[in-house]
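Here's the letter readout for the chains.
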Amino acid sequence: MPASSPDSAAGHHELVGQPHDDEREGPVADAEAEAAQISESDQPLGTIGARFDRRSPFLVGMAAAAGVAVTYGLVLVVAGLREVLILVGLALFIAIGLEPLVSWLVARRLPRWLAVAAVFVAAVGAVGGFLTAAIPVVVAQATQVVAKVPDYLRQAQDHNSWLGQLNDRLHLQQAVENSLSGGASLLNAGAVVFGALADLGILVVLTVYFVADLPRIRTALYRLVPNSRRPRAILIGDEICVKVGGYVLGNLLISVIAGVLTLAWSLAFGVPYAVLLAIAVAVLDLIPVVGSVIGGVLVSLVALTVSVPVCLATIGFVLVYRFAEDYLLVPKIIGGAVKVPALVTVVAVLLGGALLGVVGALVAIPIAAAALLLANEVLYPRLDRA
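Residues numbered from 1 in each chain as written. Predicted model: local features only at pLDDT ≥ 70, side-chain atom pairs only at ≥ 80, totals over all residues. Heavy atoms only, no water.

**Brief notes about the overall build of the protein**
Next up, step 1: Looking only at helices and strands, the protein has 15 helices and 0 strands in total.
Next up, step 2: Every one of the 386 residues in the protein was classed for burial, and the buried ones make up 26%.
Next up, step 3: By element, 71% of the accessible surface of the protein is carried by carbon and sulfur atoms, the whole surface being about 25,500 Å². (Helix = DSSP H or I, 4+ residues; strand = E, 2+ residues; numbered from the N terminus. Buried < 20%, exposed > 50% of the residue type's maximum accessible area, 1.4 Å probe, protein only. Areas by Shrake-Rupley, 256 points an atom, 1.4 Å probe, with all protein chains shown as cover.)

Take a look at the structure:
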């Protein structure tokens, strides 16, 4: 390394590996001479040069290839993490639904951690109390179902009974035997139950964390929006959260009403397995559009075991309740928060169910409401100005 010259001491950049005399000519030597001239004390490495030509075919091709590779990698990651992402999304959905209760308690000057704890203690207490009261009855009625299985099998083989005629047309007995045959099916059923319980535990834990940290999550998401558009993004985002929260709480309330009315009807008319039917109807009613229909068909079929008049009366009860739910309960409880046209509701539920199953059907309506809000506030005004 040669000694530093006075020019380099004054701030010029000292070049490494000076060329020999026979190498002092050529394009590299010219560039080295220019490098020594542009090196200043305040900018020893020179100033930033002009940008590359982004319209260069090479750069355009590289950018396109990199975009395809990144998109393909993201698709593979999302496909591999599909179940985990569904749990995370569902937990966030439930957390947004519980946020109105937490905010109401915080407005009463409770610390947020105490408000979150109060909401979850109340939820656990309600579920625990319900299970404590319902499990003995459910076990007793499930035992009755198991005890009557031989009688149902005998009726299924009797071609003169209604169950036998139904079995002849739909081959119900063969389908049940195929599903229950072999020890592998029992192992699969046990694995499914264990997996469902594990997913439920993970969902509860994620929901607790999301509810506790929802203000920080909200702030972090809004910071991703440019500052010039952040105020309007906050207004639209908070309105979407209000719609989701109103839908979740309203849907839970309507499901509880459906279960209670089904229990009262079953007890009044002697329909067997009243508690089991009420729980099934309440859970199925959480699924928009199709859930209440499936629950009504289930109750009507069980009522048919009592008598034909009771079955017809139950069908009438199901139809009347469905009408009351669609035109009275839903508009009063959910309609103020989520206003989605009937056609959009049906299409959204079908698409959500096809993509994500039951979870997709559950979240389809609030997602459709959010999409409509974004279209009305962002897309349509821009198209009208175009």
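**Digging into the pattern of salt bridges**
Next up, step 1: Enumeration over the complete set of coordinates arrives at 5 salt bridges.
Next up, step 2: Across the salt bridge formed by D213 and R216, the nearest N and O atoms sit 2.6 Å from each other.
Next up, step 3: Given a relative accessible area of 26%, D213 falls into the partly exposed group.
Next up, step 4: Of the charged contacts, one joins R232 and E377 as a salt bridge, the two residues approaching to 3.1 Å between their closest N and O atoms. In this pair, R232 sits in helix α11 (residues 230-269) while E377 sits in helix α15 (residues 342-385), placing the two residues 145 residues apart along the sequence. (Salt bridge = Lys/Arg side-chain N within 4 Å of Asp/Glu carboxyl O.)

**What about the nonpolar core?**
It is characteristic of soluble globular proteins that their nonpolar side chains tend to be buried jointly.
Next up, step 1: Core analysis: the largest hydrophobic core is formed by 45 residues, its most contacted members being F93, V211 and V338.
Next up, step 2: Among the secondary structure elements, those contributing two or more residues to this core are α4 (82-107), α5 (112-147), α9 (183-212), α11, α12 (274-284), α13 (291-304), α14 (308-334) and α15.
Next up, step 3: The dominant element in this core, judged by the number of residues it contributes, is α15, at 10 residues.
Next up, step 4: Those residues within four positions of F93 in sequence are excluded, and the remaining contacts are V244, Y247, V248, L362, V363 and P366. (Core = buried A, V, L, I, M, F, W, Y, C linked by side-chain atoms within 4.5 Å. Contact = heavy atoms within 4.5 Å.)

**Description of unusual backbone geometry**
Next up, step 1: One non-glycine residue with positive phi stands out, namely R109, at about 70°.
Next up, step 2: Owing to a relative accessible area of 79%, R109 belongs among the exposed residues under this scheme.
Next up, step 3: Non-glycine residue Y273 carries a positive phi angle of around 55°.
Next up, step 4: Following the sequence through the fold, Y273 ends up in the loop between α11 and α12.

**A short note on the UniProt feature "transmembrane region" (unreviewed entry) in the protein**
Next up, step 1: The feature "transmembrane region" (unreviewed entry), as annotated in UniProt, sits at residues 58-78, 84-106, 113-139, 189-212, 263-284, 296-322 and 342-375 in this numbering.
Next up, step 2: In residues 58-78, the share of helix is 100% and the share of strand is 0%. The end C-alpha atoms are 30 Å apart.
Next up, step 3: Helix makes up 100% of residues 342-375 and strand 0%, with an end-to-end C-alpha separation of 17 Å. (UniProt positions renumbered as here; feature names shortened; annotations may be inferred.)

**Re the layout of surface pockets**
Next up, step 1: Looking at the largest pocket, its volume works out to about 2,300 Å³.
Next up, step 2: What lines the largest pocket is a set of 49 residues, among which I94, V127, L200, L252 and L286 lie closest to the centre.
Next up, step 3: Per-element accounting of the lining of the largest pocket gives the leading share, 12 residues, to α5.
Next up, step 4: Tallied by class, the residues present in the lining of the largest pocket amount to 42 nonpolar, 4 polar and 3 charged. (1 Å grid on protein atoms, 1.4 Å probe; cavity = no way out; pocket = protein on both sides within 12 Å on 5 of 7 lines; lining within 4 Å. Points joined across faces, edges and corners; volume = space filled by probe spheres on them. Nonpolar A, V, L, I, M, F, W, Y, C, P; charged D, E, K, R; others polar.)

**Thoughts on the packing of α11 against α15**
Next up, step 1: Relative orientation of the contacting elements α11 and α15 amounts to 150°, with a least axis distance of 10 Å. As far as their axial angle goes, α15 and α11 are roughly antiparallel. Read as a crossing pair, α11 and α15 show a hand that is right-handed. Here α11 contributes R232, I236, E239, I240, K243, V244 and Y247 to the contact with α15, which in turn contributes L362, I365, P366, A369, A370, L373, L374, E377 and V378.
Next up, step 2: Each residue belonging to the contact of α11 with α15 can be placed in one class, and the counts come to 12 nonpolar, no polar and 4 charged. (Axes fitted to C-alpha atoms, helices over the stretch in contact; angles between N-to-C directions. Parallel < 35°, antiparallel > 145°, perpendicular 65-115°, else oblique. Left-handed = near helix turned anticlockwise from the far one by under 90°.)

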